[in-house]
Amino acid sequence: MAPSILLASMIALIRTPRAQMILVALLVGFAGSRHFQLEEVYRSDWLTQQELFTQMSERIPGLAKGTILLSNDIPVTYYSDNSLTGPLNWIYSPPGEMNVMLYFASIRVGKTLPSLDPGQPHQLYYIGPTFHGNTDNILVVNFEPPGCFRVIDPEVEVDNRLLAACGARCGLGFRSECDPVRETEPVTSSVLSRRAGAGLVLF
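Residues numbered from 1 in each chain as written. Predicted model: local features only at pLDDT ≥ 70, side-chain atom pairs only at ≥ 80, totals over all residues. Heavy atoms only, no water.

Engineer: Please provide a residue-by-residue account of the pattern of salt bridges, values included.
Structural biologist: A full pass over the atoms with the stated rule returns four salt bridges. Across the pair E39 and R43 runs a salt bridge, and its minimum N-O distance is 2.8 Å. Note that E39 and R43 are positioned in helix α2 (residues 17–59) at a spacing of four residues, about one turn of the helix. The class for E39 is partly exposed, based on a relative accessible area of 41%. As a salt-bridge pair, E58 and R59 come within 3.9 Å of each other at their nearest N and O atoms. Judged by its relative accessible area of 58%, E58 is exposed. Connected through shared salt-bridge partners, E39, E40 and R43 make up one network. (Salt bridge = Lys/Arg side-chain N within 4 Å of Asp/Glu carboxyl O. Helix = DSSP H or I, 4+ residues; strand = E, 2+ residues; numbered from the N terminus. Buried < 20%, exposed > 50% of the residue type's maximum accessible area, 1.4 Å probe, protein only.)

Quick look at the structure:
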């Protein structure tokens, strides 16, 4: 039975018109409140995504092909690392290609990304293109708004006990010899407009 028919049947069981009106008003109020809450969550997610890619493109002008971005769990409700990988590639990859991958370390290390040992090839079929990477080409990043997007540099962060502990729990091997940040095509507003031409406006 459809929800609307079920609700109408329940209201019809109430004999007093006044009680029926009160019940309908309460249901409408609850529905409106729920829609408002969902709107706020989606708005928050959208603003977080905008801020993520704005700051990322400012701090990382280009990424080498096959780079794996390993990050903390970015605080969004209706997005995941899978869905964020789409716009990430619109920014850093030529049209139709998938040259970079974003993984939340807490849920991917040891599973989708089985090992972080150096020199391990990694690929993932992504319902169309296939990502090809290597564990020698991992970039560790952190984004916890309202804090800034950060690229974790093993030389700068060597004395940061908190980040070292997080890296150990996730199995992150910070390797200073890796340099996945490359000056490919710098990410500018014109590049973003061209690559996002399929319909997503990031900024």
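So that's the structure; there's more coming.
Engineer: An account of a nonpolar patch on the surface is needed here, citing residue identities and associated values.
Structural biologist: Where nonpolar side chains cluster on the molecular surface, the patch consists of I22, L26 and F30 and spans about 320 Å² of accessible area. Tracing the backbone through its elements, the reader meets F30 in helix α2. Overall, F30 belongs to the exposed group, its relative accessible area being 59%. (Patch = residues over 30% accessible without salt bridge, like charges linked within 9 Å, V, L, I, M, F, W, Y side chains within 5 Å. Areas by Shrake-Rupley, 256 points an atom, 1.4 Å probe, with all protein chains shown as cover.)

Engineer: Quick one: what's the story with the nonpolar core, residue by residue and with numbers?
Structural biologist: Ranked by size, the top nonpolar core spans 19 residues in total, and within it L52, M56, L69, L88 and Y92 carry the most contacts. Where this core is concerned, the elements lending two or more residues are α2, α3 (81–92), β2 (100–104) and β5 (138–142). Tallying contributions element by element places α3 first for this core, with four residues. Once you skip the residues sitting within four places of it in the chain, L88 turns out to touch F53, M56, L69, V100, M101 and L102. In terms of nonpolar packing, the next biggest core, distinct from the first, is built from twelve residues, M98, L113, V140 and I152 among them. (Core = buried A, V, L, I, M, F, W, Y, C linked by side-chain atoms within 4.5 Å. Contact = heavy atoms within 4.5 Å.)

Engineer: Pulling in residues and values, what's your account of the sheet that holds β5?
Structural biologist: Within the open sheet, the four strands sit side by side as β2-β1-β5-β6. Their pairing is mixed. Edge positions in the open sheet fall to β2 and β6 (150–151), since each of these has one partner strand only. Alignment of strand β1 (residues 67–71) against β5, held across four bridges, turns out to be parallel. Each residue of the ladder has a partner; that of I68, found in β5, is I138. On the sheet, α3 packs against β1 and β2 and is oriented at approximately 150 degrees with respect to β2. (Pairing = 2+ DSSP bridges. Axes fitted to C-alpha atoms, helices over the stretch in contact; angles between N-to-C directions.)

Engineer: Could you give me a rundown of unusual backbone geometry, with the residues and numbers involved?
Structural biologist: That bond from P145 to P146 is cis: its omega, 10 degrees, falls within 30 degrees of zero. Among the secondary structure elements, P146 is positioned in the loop between β5 and β6. The phi dihedral of I127 falls on the positive side, at around 50 degrees, and the residue is not glycine. A relative accessible area of 78% places I127 in the exposed class.

Everything listed here is a matter of coordinates, which is why it stays silent on function.
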